[in-house]
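Chain by chain, the residues:
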Amino acid sequence: MGSGGEGTLALSAAEIIWVSEFVVYVNGRRYAWWLSNERPPNSPPGLQNVPGLSVHSTLLDLLRRVLGLTGTKLGCGEGGCGACTVLITKYKAPAQTFESHAVNACLYPMLAAHGCAVTTVEGVGSTRHGLHPAQRALAEGFGSQCGFCTPGIVMSMYAMQQEASARGKKLSDHDVEHGFDGNLCRCTGYRPILDAFKRYASDIEDVQCAETTACGSCSNSCDSPCGHAVSRESRLRAAVRIDPVASESCRSELTAKSYENAHFVLHGSEWYRPIDLLSMSRSLGATDRDQSASWTMLVGNSELGIEFKARHHVQSRIICAADVSELLQISAETDGLRIGASVTWTALSEFIGECKEVESKMGNARAIQEQLQWFAGRQIRNVSAIAGNIVTASPISDMNPVWIAAGARFELLSLRSMRRRIVLARDFFLGYRKVDLSEPDDEILLSVVLPWTMDHEFVFPFKVSRRKEDDIAIVSSCIRFALQRDNSGWFFRDVSIAFGGLAARTLSAAETEHFLLSQGSLSRSVVEAAVKVLRDEIELVESVPGGMREYRESLAVGLFCKSIAGLLRAVFSKNDGFAADGILKSFQSFVALDYPDDKSLLCSRPLSEAVQICQAAPAQTTGTHGNVESATCSGVKAKAVVGNSIRHASAELQTTGEAEYVDDVPLIVGTQHGAFILSDRPHARILNADFSQVLACDGVLDVVTAKDVPGFNSIGQPPFFDELVFAIDKVTHVGQIVGLVVAQSKAQAVHAAKKAVISYEDLPAIIHLEEAVRQGSFCSYAPEQRIEQGDVDSVFAKTELAADHGDCGRGPIVALSGEVRIGGQEHFYLETNGSYVYPIDGGREVHMVVSTQAPGKTQAVVARVLGMPSHRVVCKTKRIGGGFGGKETRNFFMTSALAVAVDKLKVPIHLFLDRDVDMQISGQRHAMFAKYKVAFDTHSGRILALHVELFSNMGISLDLSLPVLGRALFHLDNTYHLENVRFIGKLCVTNTPSNTAFRGFGGPQGMMVTEQVIDHIALYLRKPAHEVRSVNLYSEQLCKAPFGMSVAADRIRACWDRVLESSEMPDRLSKIEAFNASHRTRKRGIAAIPTKFGISFTFRTFNQAAALVNIYLDGSVLVSHGGVEMGQGLHTKMIQVAATELRISAEKVFISETATDKVPNASPTAASASSDMYGMAIVDACAQLNARLAKYRAENEEDGDAWKSAVLAAWNERVNLSAQGFYRTPDLDAVDLSRNEKGNPFYYFTYGAAVSEVEIDTLTGEFCIVRADVVMDVGQALNPAIDIGQIEGGFVQGVGWCTMEELVRGSENAHAWFKSGNGTMLTQGPSTYKIPGFRDVPLDFRVELLPLTCEKPTVHSSKAVGEPPFFLGASAFFAIKNACYAARCANGYDDAFFLDSPASVERIRMACVDDIVELCLRAHNLDPVRYRPAIVL
Ligand SMILES: Cc1cc2nc3c(=O)[nH]c(=O)nc-3n(C[C@H](O)[C@H](O)[C@H](O)COP(=O)(O)OP(=O)(O)OC[C@H]3O[C@@H](n4cnc5c(N)ncnc54)[C@H](O)[C@@H]3O)c2cc1C
Ligand code: FES
Ligand code: FES
């Protein structure tokens, strides 16, 4: 590449040879295909014949669809979840070595795998040949629940280990803690994964990589398993030894491939993989043959892959520049770091890490490194290159501000003329995604020169996003100060300020730079004046893209202040003390200055740790620090398997990728694929639907619509049936199904579906909840729900109404009023909705494999739609990759649409939704809005009366909204005795997809309202909130809920007292006070929150369950029940119950699947009640079998395998070895809230309490959970480790709900920045919707189970655990609110204030009113006291 400069690059005129054999090794096996128009005779047709494959196909397509390796999962298709992680090993010609990296197979182009070895989870270990130790560690450590994320997590761990081993490094706990920024898990809450892998990493730390391919079982070298006893250490040695390029032939072929240019033609499109600039330029020449053809280049495909997917447009020519040697060079030169355009972020970070230059020169480079900590996930950084980021010119790029502030120079090259020119980064970005590449389809970025910094030059990069890890920035910045000194002090010699997220392109704050340079001195007055100049310079319009105008402005100013604080720290920490005192003193009360300051937890997160304390169960199980004892059952010894922490029954299958989900089911020959044609209007009349272009597309079989429905097109809750399978003459929300395209491949179906031309006449639409409330858009057929008790009005008559703010005097009884806004929540199950429907006997029967929590209901709905009796419709579910309520009903309309197509076309049809479609059409947790009025005793804080009007956004149809609203009302009391209440619930209709069940089923929303009310009282009284909570708790005398059910007050008190004690709450309160007094911009807060959760379906009929227990002659037992395994460990617990009841080992019991032809009419797996109900049904079945077998067991007691002998003896005597058990939950009332009825809607309650402490950054709104203590009463846990997993997972999901998870739906009325697509869900995937990641786990996470038994007769005295812990995540919300209050008080705002949920970074920051917020708000004539960032529900 040379040392740069402008001019013409000379290239050789040598002939270029292109090879067309696509070669890839997968798990050690060679695969090759000719991809050329001129294929050698007799070469196998291969990929050319796979429908839907194109030059844009991904490695995941190759693995799953061509090679049938289904262990690698599709979770999002956009690089955001890591479910598709595989290891790529590639020969690096410059370094002459093989390098391995984790990549996202969903974005990695299939053809880029040419010349690579790919290792998938199947190649790492298997149940047949033995698990890899990392797989085993995860399985044994309870690190998988639904298991859908698990193969990806295993592969990330495996890749980390391979990378470390290649570099001769040991893995540390730190590596593990920070190694999963590209993976998500929605079930576990991450703690068990981190613990399992930390233990694993410390186990292997001394193991050296061996070069042989020995099995590792013994000291001999051997190629096949030798059956030698495997010691722990040798197993670990074997793990490190797995070599992706083990065979010599593989090594030499892949080495040779790295020196070859490749050219592939696939279905008419071309792919070039040049290895140097000469070939690259020639490949362009080749494309020039057809002047009309456009070409594009890519490296990591992390931008382009997503763009192509969105556009569904096949590029005719692609040049992959990932292996162009000149673009891969990186060197330290005299003027700075010269970085080739195709250098990946990982390579750059490693180079900087190993760079030997003096530290004072490294300022810009360190800024890059720092920014990379929060840049994408590891898998993306491993493949994506600097050029892709620069040329894309995203206004929210994290790096472009750094290049600009650093004064980087971009070297550009015309591929046709080979002319080079240099452009300053500052001048390169011209507009929205527009850069100074002057010749389209010609000029490329060749390299970047990042200047060295000089003495007294300091660089400060920042990025603020919704989630700290792997998120796109809201605002990013980089500020470089160059100082000089004279006798009077320090002066600005040079200043460069750049921001992302404030304009259509990366912005340089030129006026502020000029101001600082013109003013010169580093003094408080200059900086304060600069703050105002900056604010004015960056002033945003209300319609700024993405909104959050005031927050973005405050952030930009805050980041400038942080940079100044950093500058002072940097200058004076290394300085001789010159002028330090004076300058620092002058800055003392400056808003951003915490000086001297230790590193914030947010910047340098320490290692997290955890403790789990289990109750003394029948088989005592106690563990600490992630070490829940795992008692495996073997033989008759382990009779009492209930109460033991037996590992998840599918754990090994999940960690090896062998566990099958709907998308993994082997397809019957002739299977077609479906894609929906969806409405893009929120409310409109369909004038015409033209599918001719759809039908003309390649591979399309048909388009199925409402007219094809043989039975009923209307589904939804009986008796209303208010939901349609297919829209008929109008659409009522974006995402409604208008038609279903059936085609040969998914890609063809999806592509064709976009070709539908539908003309609409728009009708008025209501998109948001408060709009619906204002317009009175209430559900006409669902009656208002109501719980009333006592005399609310007469209590209020005695009170004086205090204003929300300000002191209104303090009588003995005061009334406060307020509003609570609670956002919805996306389920984000890692496995999206999927169904496979196939006809049997020419369509007389329809069978389905569905990812559903309700196979029984799915069967019934499909039968209705097809007009078929239920006995000819079978629905099966083996397991699902997470449901959380989202798959309780929302799969019905999708599966029904598929069934209609199957009925019409008589072919099997498969449909697995893409993440964006799933999020767009399937509905979410109900957003709710409440108005309250509360009267309380000002002396004690005791609530005397509470009036709540609760509005719920049901979406367009009823679905489960009525019972969800009912449960919200049933939980409005939470754990508090409320004498006088009036709770009114109303369902609001909006033109959005129907909202639905989500863990907690409305309960959390109800409890959130009351906790906000209590917080309001506490703020008003200026009392610690936990004291007000404590005073209001149910007590022995006051233990009747407003709906008439008795509450176990002693258990609430036990949880509450225990958590206050174990969390050392009083002591920590004073420590937090001290911390807050000594920190200006970091504040801590703490909150204790109790919970009680009612167990049972409130629809009484659903509280019944059946199970079938079959004993076979070999003594094995097959249990079938109506519940679905979705990660909650239901099957594992049921196996434990059956084994315990039959007094056999757990290995003898197996559960295969849930199927409607085995157990009919099952209720959905929901309401946390499945273990209780199916457990009891199994107990019943086992009791019948035990009675029948008693005689034979007694007679065969002495036999070696007494059980098997007894079974055989019974069979010989013609005893029925199959029994059906049944259970209906006793003591339940059908409580009708439309009539304010009283009674027992629940069998019992599960109780718990949590204390969370957080630290917030008041300048950005970022937060970190410092510690969380959870105490729960789950009775005698059937499986303590599984229950703890539910608690940790539920807690973290709850934290997500009320902090970072914010749904945004486009609306012209609600968002000034919104342009088009009214009613469209804008948060459609992991890039825009942030669930908690690995680094959001509490730093110190303690979970304790109380040693109690269930107060009601339940299966082995256990209690339900799935939903109850969810709400405890709200303790983090209230701790955040507490910290915000500390920040407000420090700035003189000590009145009560409101914080809406979720407490996003925006809301946290804007609640911390300080000089900066005031400045930014007043500039827009907004009142800092009343300002509440908009939340659109
Ligand atoms: C999950 C995920 C997370 C992400 N997180 C972040 C983040 O935190 N911060 C952030 O800033 N970005 C982020 N990105 C964006 C993206 O990953 C980066 O911008 C990345 O650097 C793009 O590089 P690439 O090689 O993958 O680009 P590609 O997709 O291969 O190419 C992108 C564009 O650059 C062009 N191009 C590539 N090389 C050249 C060249 N030499 N000359 C001219 N044009 C060229 C291509 O033609 C194409 O138009 C993220 C992306 C994903 C998918
Ligand atoms: S499926 Fe690839 S990252 Fe989500
Ligand atoms: S176990 Fe991780 S998503 Fe379910």
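Each chain carries its own residue numbering, running from 1 in the direction its sequence is written. Chain letters and ligand numbers both follow the written order, the letters beginning at A and the numbers at 1. A pLDDT threshold of at least 70 governs which residues receive local features in this predicted model, and a stricter bar of 80 or more applies before side-chain atom pairs are shown or counted, although totals over entire chains, interfaces and linings include all residues. Computation of side-chain values covers all heavy atoms of the structure but excludes hydrogens and water.

Would you mind showing me how to read the overall build of the protein here?
A helix here means a DSSP run of H or I that spans at least four residues, while a strand means a run of E at least two residues long, and both kinds are numbered starting from the N terminus. When helices and strands are tallied, the protein shows 40 helices and 50 strands. Based on the C-alpha atoms only, the size of the protein along its principal axes is roughly 95 × 90 × 75 Å. Two residues qualify as a contact provided that any one of their heavy atoms is within 4.5 Å of a heavy atom in the partner residue. Sequence separation of at least 24 residues holds for 76% of the intrachain contacts in the protein that already meet a minimum separation of 6. Accessible surface, the protein as shown: approximately 47,800 Å² in total, 50% of it carbon and sulfur. Here the protein contributes 139 positively and 162 negatively charged side chains, and the mean placements of these two sets differ by 2 Å. Computed with a 1.4 Å probe, the accessible areas rest on the Shrake-Rupley method; for each residue, only the protein chains presented here act as cover. Neither His nor the chain termini are counted; the positive set is Lys and Arg, and the negative set is Asp and Glu. By convention, charge coordinates are those of NZ in Lys, CZ in Arg, CG in Asp, or CD in Glu.

Sorry, what's going on with the site of ligand 1 here?
One heavy atom within 4 Å of a molecule or strand is enough for the residue carrying it to be called near that molecule or strand. Taken together, 33 residues lie around ligand 1, and Met 297, Val 299, Ser 302, Asn 389 and Asp 398 are the ones closest in. Whenever a nitrogen or oxygen atom comes within 3.5 Å of another N or O atom, the pair is scored as a polar contact, on the condition that within protein one atom can donate a hydrogen and the other can accept it, and that pairs from neighbouring residues in sequence are kept only if both atoms are in side chains. Leu 304 is positioned such that a nitrogen or oxygen atom in its backbone is 2.8 Å from an oxygen atom of ligand 1. Within the side chain of Lys 463, a nitrogen or oxygen atom sits 3.0 Å from an oxygen atom of ligand 1. Looking at the shell around ligand 1, the elements with two or more residues in it are β10 (295-298), α10 (304-311), α14 (386-392) and β18 (443-451).

I'm lost on the sheet that holds strand β46 (residues 1154-1155) in this one. Help?
Hydrogen bonds along the backbone pair up the strands of a sheet, which may run parallel or antiparallel. Read across the open sheet, the eight strands follow the order β26-β30-β24-β38-β35-β36-β37-β46; overall the sheet is mixed. Strands at the two margins of the open sheet, each flanked by one partner only, are β26 (700-704) and β46. One requirement defines pairing of two strands: DSSP has to find at least two bridges between them. Looking at chain direction, strand β35 (residues 834-840) and strand β38 (residues 909-912) are connected through four bridges and run antiparallel. By the bridge assignment, Gly 834 is partnered in β38 with Phe 912. Against the sheet, helix α23 (residues 746-753) contacts β24 (672-678), β26, β30 (737-743) and β38, and its axis sits at roughly 20° relative to β24. Only the stretch in contact is used when a helix axis is fitted, and all axes are lines through C-alpha atoms; the angle between N-to-C directions ranges over 0 to 180 degrees.

What's the story with the packing of aromatic side chains in this structure? I'm lost.
Geometrically, a pair of aromatic rings is defined through the distance of the ring centres and the angle of the planes. Centres within 6.5 Å are what make two rings of Phe, Tyr or Trp a pair, Trp counting through its six-membered ring; a difference in plane orientation under 30 degrees is then read as stacked, over 60 as edge-to-face, and the rest as tilted. Counted by the stated rule, this structure contains 38 aromatic pairs. Residues Tyr 31 and Trp 33 carry aromatic rings whose centres are separated by 6.1 Å and whose planes lie at 10° to one another, so their mutual orientation is stacked. Classification of Tyr 31 as buried rests on a relative accessible area of 17%. When the ring of Phe 428 is compared with that of Phe 429, the centres are 5.4 Å apart and the planes differ by 80°; the resulting orientation is edge-to-face. Three or more aromatic residues link up through ring pairs in this structure, and these residues are Phe 180, Tyr 190, Phe 197, Tyr 200 and Phe 1334. Positioned above the aromatic ring of Phe 828 is the side chain of Arg 915, whose terminal nitrogen or guanidinium carbon lies 4.2 Å from the ring centre. Looking at Lys 1092, its charged tip hangs above the ring of Phe 1245, at a distance of 4.9 Å from the centre. Partly exposed residues are those whose accessible area sits between 20% and 50% of the maximum for their type, while under 20% is buried and over 50% is exposed, using a 1.4 Å probe and protein chains only. Charge-over-ring placement is defined geometrically: NZ (Lys) or CZ (Arg) within 6 Å of the ring centre, and within 35 degrees of the ring normal.

Sorry if this is basic, but what is going on with the UniProt feature "binding site: [2Fe-2S] cluster 1" (unreviewed entry) in the protein here?
UniProt positions are given in the numbering used here, feature names are shortened, and annotations may be inferred rather than shown by experiment. Per the UniProt record, "binding site: [2Fe-2S] cluster 1" (unreviewed entry) is found at Cys 76, Cys 81, Cys 84 and Cys 106. Separation in sequence by 31 residues is not matched in space for these annotated residues, since their most distant C-alpha atoms are only 10.1 Å apart. Along the polypeptide, Cys 81 turns up in the loop between α1 (59-66) and β5 (85-92). With sequence-adjacent residues up to four places away left out, Cys 81 is seen in contact with Gly 75, Cys 76, Gly 182, Asn 183, Leu 184, Leu 830 and Pro 1326. Residue position: Cys 106 is located in the loop between β6 (97-104) and β7 (116-119). If sequence neighbours within four positions are ignored, Cys 106 has contacts with Thr 58, Leu 60, Leu 74, Gly 77, Glu 78, Gly 79 and Cys 84.

Help me out: how do you make sense of the UniProt feature "binding site: FAD" (unreviewed entry) in the protein in this one?
UniProt marks Phe 375, Asp 398, Leu 445 and Lys 463 with the feature "binding site: FAD" (unreviewed entry), using the numbering shown here. In three dimensions, the annotated residues from a span of 89 residues occupy distinct locations, with a maximal C-alpha spread of 25.0 Å. Using a relative accessible area of 8% as the deciding quantity, one classes Phe 375 as buried. Setting aside its immediate chain neighbours within four residues, Phe 375 contacts Trp 345, Arg 381, Asn 389, Asp 398, Met 399 and Lys 463. In this structure Asp 398 touches Gln 371, Trp 374, Phe 375, Lys 463, Ala 473 and Ser 476, once residues within four positions along its chain are discounted.

Is there a simple way to explain the packing of helix α31 (residues 1025-1032) against helix α32 (residues 1049-1062) in this structure?
Two packed helices can be described by the angle between their axes and the distance between those axes. At a closest axis distance of 11 Å, the pairing of α31 and α32 adopts a crossing angle of 155°. Judged by the angle between their axes, α31 and α32 are roughly antiparallel. Between α31 and α32 the crossing geometry is left-handed. Judged by residue contacts, His 1026, Arg 1029 and Ser 1030 of α31 engage Arg 1053, Trp 1056 and Leu 1060 from α32. Class assignment of the residues belonging to the contact of α31 with α32 gives a composition of two nonpolar, two polar and two charged. Geometric relationships in this document are graded by angle, where less than 35 degrees denotes roughly parallel, more than 145 denotes roughly antiparallel, 65 to 115 denotes roughly perpendicular, and other angles denote oblique. We call a crossing left-handed when the near helix sits turned anticlockwise from the far one by less than a right angle, and right-handed when that turn is clockwise. Ten residue types, Ala, Val, Leu, Ile, Met, Phe, Trp, Tyr, Cys and Pro, are classed as nonpolar, four, Asp, Glu, Lys and Arg, as charged, and the remainder, Gly among them, as polar.

Sorry, what's going on with the sheet that holds strand β29 (residues 730-731) here?
Taken together, the three strands give an open sheet; going across it, the order is β29-β25-β31, and neighbouring strands pair in antiparallel fashion. Every other strand in the sheet has two partners, leaving β29 and β31 (757-762) as the edge strands with one partner each. Bridging between strand β25 (residues 684-690) and β29 involves two bridges; their strand directions are antiparallel. For Arg 685, the partnering residue across the bridge sits in β29 and is Lys 730.

Got a minute to help me understand the pattern of salt bridges in this structure?
In the sections that follow, a salt bridge refers to a side-chain nitrogen of Lys or Arg positioned within 4 Å of a carboxyl oxygen of Asp or Glu. Overall, the coordinates contain 93 salt bridges when judged by the stated rule. Note that Arg 338 and Asp 335 form a salt bridge whose closest N and O atoms lie 3.9 Å from each other. Residue classification places Arg 338 among the buried residues on the basis of a relative accessible area of 4%. With a closest N to O distance of 2.7 Å, Glu 1262 and Lys 468 form a salt bridge. In this pair, Glu 1262 sits in the loop between β48 (1244-1257) and β49 (1263-1273) while Lys 468 sits in the loop between β19 (457-465) and β20 (473-486), placing the two residues 794 residues apart along the sequence. Here the residues in one salt-bridge network are Glu 1064, Arg 1068, Arg 1082, Arg 1084, Glu 1253, Glu 1255, Arg 1267 and Asp 1269, joined through shared partners.

It is not clear to me how the environment of Pro 1338 should be interpreted in this structure. Could you clarify?
Along the chain, Pro 1338 falls in the loop between α37 (1280-1298) and β50 (1340-1345). Residues Pro 1338 and Ala 1268 lie 70 residues apart in sequence; the distance between their C-alpha atoms is 6.1 Å. Apart from residues no more than four positions distant in its own chain, Pro 1338 is found in contact with Arg 605, Ser 608, Glu 609, Ile 1265, Ala 1268 and Phe 1291.

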